[in-house]
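# Remarks on the overall topology
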Amino acid sequence: METKDVILDIRKKNNLSQDEMAKQLFVTRQAVSRWETGETVPNTESLKLISKTYNVSVNTLLGSPRQLFCQCCGMPLDDSTISREPDGEFNEEYCKWCYTDGKLVYSSMTELIDFLAPHMSSMHGCSEQEMREMLEKQLPNLNLWKNG
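Please read all numbers here as calculations on a predicted model, not as lab measurements.

### Section: the layout of surface pockets
- Space inside the largest pocket adds up to approximately 270 Å³.
- Around the largest pocket, the lining is made up of 19 residues, and of these C73, G74, M75, L116 and M120 lie nearest the centre.
- Looking at the lining of the largest pocket, the elements with two or more residues in it are α6 (109–124) and α7 (128–138).
- Here the lining of the largest pocket gets six residues from one element, more than from any other, and that element is α6.
- Of the residues belonging to the lining of the largest pocket, the class tally is 15 nonpolar, four polar and no charged.
- Volume-wise, the second largest pocket comes out at about 160 Å³.
- Lining the second largest pocket, in full, are M1, V6, D9, I10, K13, Y54, N55, V56, T60 and D79.
- Counting residues per element, the lining of the second largest pocket draws most heavily on helix α1 (residues 3–13), which supplies four residues.
- Here the residues of the lining of the second largest pocket sort into five nonpolar, two polar and three charged.

Encoded structure:
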């Protein structure tokens, strides 16, 4: 979906007129109209406000230009699994299981693997040892573990 379609969808799902949405976002009705026709795209501050007001990530607002993955465990992220900061804003780096209340849940890759291996091996039909080996190869490619 393009940004214009996402904004129109948000407005319709919330049963808002362009004027009502504009008031909530502190912009003009014409600005909302231009966003919905694709004539313009909301600026950074408007994107952040739309994200917070309507509970949708900036990545989604921009038409999901990149697939997000948790930079701790590698899980694909969408608006229902993206973590949040204590103030409620999305943190598009981590899933809600690896990052909660403003903190990372796992302090080491070993701790994460100890949790994931038994659960994932049964889901993927492999041994726990095979899953551990796969995780040990893949996790170091994620930003959290790559950057120390």
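### Notes on the confidence of the model for the protein
- With 99% of its residues at a pLDDT of at least 70, the protein reaches an overall mean of 93.
- For the protein, the element scoring lowest by mean pLDDT is helix α5 (residues 58–61), at 89; helix α2 (residues 18–25) scores highest, at 97.

### Describing the nonpolar core
- Counting 23 residues, the largest nonpolar core has C70, C72, L112 and L135 as its most contacted members.
- If you list the elements that add at least two residues to this core, you get β4 (90–95), α6, α7 and α8 (143–146).
- Looking at this core element by element, the count peaks at five residues for α6.
- Not counting residues within four places of it along the chain, the set of residues in contact with C72 comprises Y94, C98, Y106, L112, L139, L142, L144 and W145.

### Quick word on the packing of aromatic side chains
- This model, assessed by the stated rule, comprises two aromatic pairs.
- Ring centres 6.0 Å apart and planes at 40° place the aromatic pair Y106 and F115 in the tilted group.
- On the basis of relative accessible area, Y106 is assigned to the buried category, the value being 12%.
- A residue is classified by how much of its surface remains accessible, and F115, at 39% relative accessible area, is partly exposed.

### Describing unusual backbone geometry
- In the Ramachandran plot, F26 falls in the positive-phi region, its phi being about 60° despite a non-glycine side chain.
- Position of F26 relative to the elements: it lies in the loop between α2 and α3 (29–37).
- Take F26: its relative accessible area is 71%, and that puts it in the exposed class.
- Even without being glycine, D101 reaches a positive phi, approximately 50°.

### Concerning the side chain of T3
- With respect to the secondary-structure elements, T3 resides in helix α1.
- Judged by relative accessible area, T3 falls into the buried class, the value being 12%.
- Sequence-distant contacts of T3, that is, excluding residues within four places in its chain, are made with V41, P42, L61, L62 and G63.

Conventions we followed
- Residues numbered from 1 in each chain as written.
- Predicted model: local features only at pLDDT ≥ 70, side-chain atom pairs only at ≥ 80, totals over all residues.
- Heavy atoms only, no water.
- 1 Å grid on protein atoms, 1.4 Å probe; cavity = no way out; pocket = protein on both sides within 12 Å on 5 of 7 lines; lining within 4 Å.
- Points joined across faces, edges and corners; volume = space filled by probe spheres on them.
- Helix = DSSP H or I, 4+ residues; strand = E, 2+ residues; numbered from the N terminus.
- Nonpolar A, V, L, I, M, F, W, Y, C, P; charged D, E, K, R; others polar.
- pLDDT = per-residue confidence, 0-100.
- Core = buried A, V, L, I, M, F, W, Y, C linked by side-chain atoms within 4.5 Å.
- Buried < 20%, exposed > 50% of the residue type's maximum accessible area, 1.4 Å probe, protein only.
- Contact = heavy atoms within 4.5 Å.
- Phe/Tyr/Trp six-rings, centres within 6.5 Å; stacked < 30°, edge-to-face > 60°.

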